[in-house]
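The primary structure of each chain is shown beneath.
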Amino acid sequence: MLLAHPDDIGRVLVDRGGDVIKVRPGEKRRGGAGFPLAMMNSEGEEWARKRRRLRPAFRSDRLAGLDAAAAGAVARALDRWDDGAVIDVHAEMSRLAMHIGAVHIAGRPLGAEADALADAVAAIMRLTSSPVRLPAWFPSPVNLGVRRALRALDTALEALIAGHRPDGGATALGLLVEERTAAPFAEVRDELATLLMSGYETTADALTWLVHCLGGAPEADRRLRDAARRSSGDGGGYVAAAAKEALRFYPPAWVISRIAVRPVQAGGYRLPAGTVIGISQWVTHRDERWFPDAGAFRPERWLDGGGPGHRYAYLPFGAGPRGCLGASMAVREIEAVVRALRARVRLEPVEPEKVRARPALALQPLGVRAVVRKE
Ligand code: HEM
C-alpha cells in the first residue's frame, strides 16, 4: 500500500512509529546482502542503543570540520579539471563525497579501501535496480557480484579499523572503538560499512542532481554563484534553498517502506498487521497540493521561510525516530561542496536531454556530463 498523503505519512512514520518496523524479524540474519549488526538494520532496544551511541558524531556541533574537508577536496578536484574539459559529474561528485564522508566518519580519507567501497555500492545498486530480484542465496551473477564485493569490503574495512588512531570519540569510528564498552569487531565493521555507504552514494546523487538542475536554470545558477562568492555566508540562504529544492525535485531516497506490526489506520483503510507500507518521496514531493508548480526547479520557494504546504510533504531524509542519522551532515556537506565549486567554476551541461534517473536503492543520475568553465 503506497501512502501519498502527508497526514498518513506523518501518522505512520512519526505518531505511530511503534506500530511499524523496518526490518522483518529473522530477515537480517539470513545472509546475502546487508550488514546485520548495523544500527540501520536493527529494531527495538538494540536499534535504540546503537543509534544513541552514534548520535554524538552527527550532532550539529561536530559538523564544522566538513567545511574544511569539502573546501580541500573541491580545491584538489579543480586542480585536476582543465578549463573546457568535459567531466562525468556523478563520478566526480562520488569521489568528493567518498573523501569527505570518510574523513568525517572514520577520521581519514580512504586509500585502497575506496575501490572496495565503490564496488560494493555499485553491486548493491545493480541488485536493487534489477527488475527481477532472486533470493539472496541463489547464485545469479548479480547475487554473486554482491557477495564478492561485500567480502572485499569487509577485508578493506578491517584494515581501516586496525589503522584507527584514537580521536577521543570525535568520529563515528572513534565512538565505536574507543568507548569503555567498545563494540565487538564485527559490529564495528557492519556499522562502518553502512555509514560509509549511506554517506556516499546518496550525497553524490544529491550533488549530481543539483548540478543537473542548475544547468537547466541559468538564472538560479547565477544567483547561486553570487551567493557562493559572498564571503560572509550565502546572503539570504540561496545555496541552502537550491540544495533543498534539488532534494525535493530528485530525492536520492525516493521510496521507503515499513511493515505494520499492529493494525494501522491510513489512507481511509485499516491496514492489518503484516501489511507492507510504501512511502515515496518522488510522488509526494511532486504533488501540486503541497508544491505549486511542482514540476519546476525553483529554489525561491524555500526563501524567506517558505516551504511545503504540509509538514510531512517534504521528506528527503524521512521523518520520525528512524529518520536519517546523517541529515545535518549531508546538508552541510552538499552546501559546502556546491559553495566551493560554484565560487570558482560554472558547469555547463552537455546533452542534458539524455540524462536519466535510475531508481535503485537510491535515485541515481545517469548521463550527467558538463564542460568545466573556470570563471
Ligand atoms: C543526501 C544524502 C542522504 C539522504 C537523501 C538520506 C536519506 C535517508 C532516509 C530517507 C533515511 C530513512 C529511511 C527510512 O525511514 O526507512 C535515512 C536513514 C539513515 N541515514 Fe541517511 N541520507 C543521506 C545521507 C546520510 C549520511 C551522510 C549518513 C551518515 C554518514 C546517513 C546515515 C543514515 C543512517 C545511519 C540511517 C538509518 C537510521 C535508522 O535506521 O535509525 N545518511 N537516510
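Residues numbered from 1 in each chain as written. Predicted model: local features only at pLDDT ≥ 70, side-chain atom pairs only at ≥ 80, totals over all residues. Heavy atoms only, no water.

S.K.: Go over the overall build of the protein with me, naming the residues and quoting the values.
M.R.: Summing up its helical and strand segments, the protein has 12 helices and 11 strands in all. Its C-alpha radius of gyration of 21 Å places the protein within 12% of the 21 Å reference for a compact globule of 375 residues. Based on the C-alpha atoms only, the size of the protein along its principal axes is roughly 55 × 55 × 40 Å. Burial statistics for the protein: of 375 residues in total, 51% are counted as buried. In the protein, 72% of the contacts between residues at least 6 apart in sequence involve partners at least 24 apart. Carbon and sulfur atoms form 54% of the exposed surface of the protein, whose accessible area is close to 17000 Å². (Helix = DSSP H or I, 4+ residues; strand = E, 2+ residues; numbered from the N terminus. Rg over C-alpha atoms; globule rule 2.2 N^0.38 Å. Buried < 20%, exposed > 50% of the residue type's maximum accessible area, 1.4 Å probe, protein only. Contact = heavy atoms within 4.5 Å. Areas by Shrake-Rupley, 256 points an atom, 1.4 Å probe, with all protein chains shown as cover.)

S.K.: Please give an account of unusual backbone geometry that cites residues and values.
M.R.: Residue aspartate 293 is not a glycine yet carries a positive backbone phi of 60 degrees. Residue placement: aspartate 293 occurs in the loop between helix H11 (281–285) and helix H12 (327–344). In this structure, glutamate 351 takes a positive phi of about 45 degrees despite not being glycine. Inspection of the secondary structure puts glutamate 351 in the loop between strand E8 (345–350) and strand E9 (356–359).

S.K.: Give me the lowdown on the site of the ligand, citing residues and values where you can.
M.R.: Near the ligand there are 26 residues, and of these Trp47, Arg51, Arg258, Arg322 and Cys324 occur at the shortest range. A distance of 2.7 Å separates an oxygen atom of the ligand from a polar atom in the side chain of arginine 51. At 2.7 Å from an oxygen atom of the ligand is found a side-chain nitrogen or oxygen belonging to arginine 258. Taken together, the elements giving at least two residues each to the shell around the ligand come down to helix H2 (44–54), helix H8 (185–215), strand E4 (256–260) and H12. Broken down by element, the residue count for the shell around the ligand peaks at 5 residues, all from H8. Here the residues of the shell around the ligand are counted per class, giving 14 nonpolar, 8 polar and 4 charged. (Near = heavy atom within 4 Å. Polar contact = N/O pair within 3.5 Å; in protein donor to acceptor, adjacent residues only side chain to side chain. Nonpolar A, V, L, I, M, F, W, Y, C, P; charged D, E, K, R; others polar.)

S.K.: I'd like to hear about empty space enclosed by the protein, residue by residue, with values.
M.R.: The rolling of a water-molecule-sized probe over the atoms marks out the regions of remaining empty space. Counted by the stated rule, this structure contains 2 cavities of 30 Å³ or more. Taken as a whole, the largest cavity spans an internal volume of roughly 100 Å³. Considering the residues around the largest cavity, the lining is formed by Val211, Leu214, Gly215, Asp221, Val338, Leu341, Arg342, Val345 and Leu347. Looking at the lining of the largest cavity, the elements with two or more residues in it are H8, H12 and E8. Partitioned by chemical class, the residues of the lining of the largest cavity number 6 nonpolar, 1 polar and 2 charged. Space inside the second largest cavity adds up to approximately 60 Å³. Lining of the second largest cavity is provided by Val89, Val211, His212, Gly215, Leu347, Pro349, Val350, Pro352, Val355, Val368, Arg369 and Ala370. Where the lining of the second largest cavity is concerned, the elements lending two or more residues are H8, E8 and strand E11 (369–374). Per-class residue counts for the lining of the second largest cavity are 9 nonpolar, 2 polar and 1 charged. (1 Å grid on protein atoms, 1.4 Å probe; cavity = no way out; pocket = protein on both sides within 12 Å on 5 of 7 lines; lining within 4 Å. Points joined across faces, edges and corners; volume = space filled by probe spheres on them.)

S.K.: Would you mind going over the coordination of the iron atom of the ligand in detail, with residue names and values included?
M.R.: Exactly one protein atom donates to the iron atom of the ligand; that atom is Cys324 (SG), 2.3 Å from the metal. Here cysteine 324 is to be found in the loop between H11 and H12. (Donors = N, O, S within 2.8 Å, 3.2 Å for Na, K, Ca; no water.)

S.K.: For the packing of aromatic side chains, give the residues involved together with the corresponding values.
M.R.: Two numbers describe a pair of aromatic rings. These are the distance of the centres and the angle of the planes. For the structure on display, the rule yields 5 aromatic pairs. Seen from their ring centres, tryptophan 209 and tyrosine 250 are 3.8 Å apart, and the 5 degrees between their planes marks the pair as stacked. A residue pair is termed long-range when its members are at least 10 positions apart, and tryptophan 209 in helix H8 and tyrosine 250 in the loop between helix H10 (238–249) and E4 qualify at 41 residues. On the basis of an interplanar angle of 50 degrees and a centroid distance of 6.1 Å, the ring pair of tyrosine 250 and tryptophan 282 is categorised as tilted. (Phe/Tyr/Trp six-rings, centres within 6.5 Å; stacked < 30°, edge-to-face > 60°.)

S.K.: Got a sec to walk through the sheet that holds E11? Specific residues and values, please.
M.R.: As summarised here, the arrangement of the 3 strands in space is E3-E11-E8, forming an open sheet in which the pairing is antiparallel. Both outer strands of the open sheet, strand E3 (86–88) and E8, are each paired with one neighbouring strand and no more. The sheet shows a mean angle of 40 degrees between the axes of neighbouring strands, direction not considered. With 6 bridges joining them, E8 and E11 adopt antiparallel strand pairing. Residue pairing in the sheet places leucine 347 in a bridge with valine 372 of E11. (Pairing = 2+ DSSP bridges. Axes fitted to C-alpha atoms, helices over the stretch in contact; angles between N-to-C directions.)

S.K.: Which residues make up the UniProt feature "binding site: heme" (unreviewed entry) in the protein, and what values go with them?
M.R.: In the UniProt entry, the feature "binding site: heme" (unreviewed entry) is given for Cys324. Ignoring anything within four residues of it in the chain, the contact list for cysteine 324 reads Arg51 and Phe317. (UniProt positions renumbered as here; feature names shortened; annotations may be inferred.)

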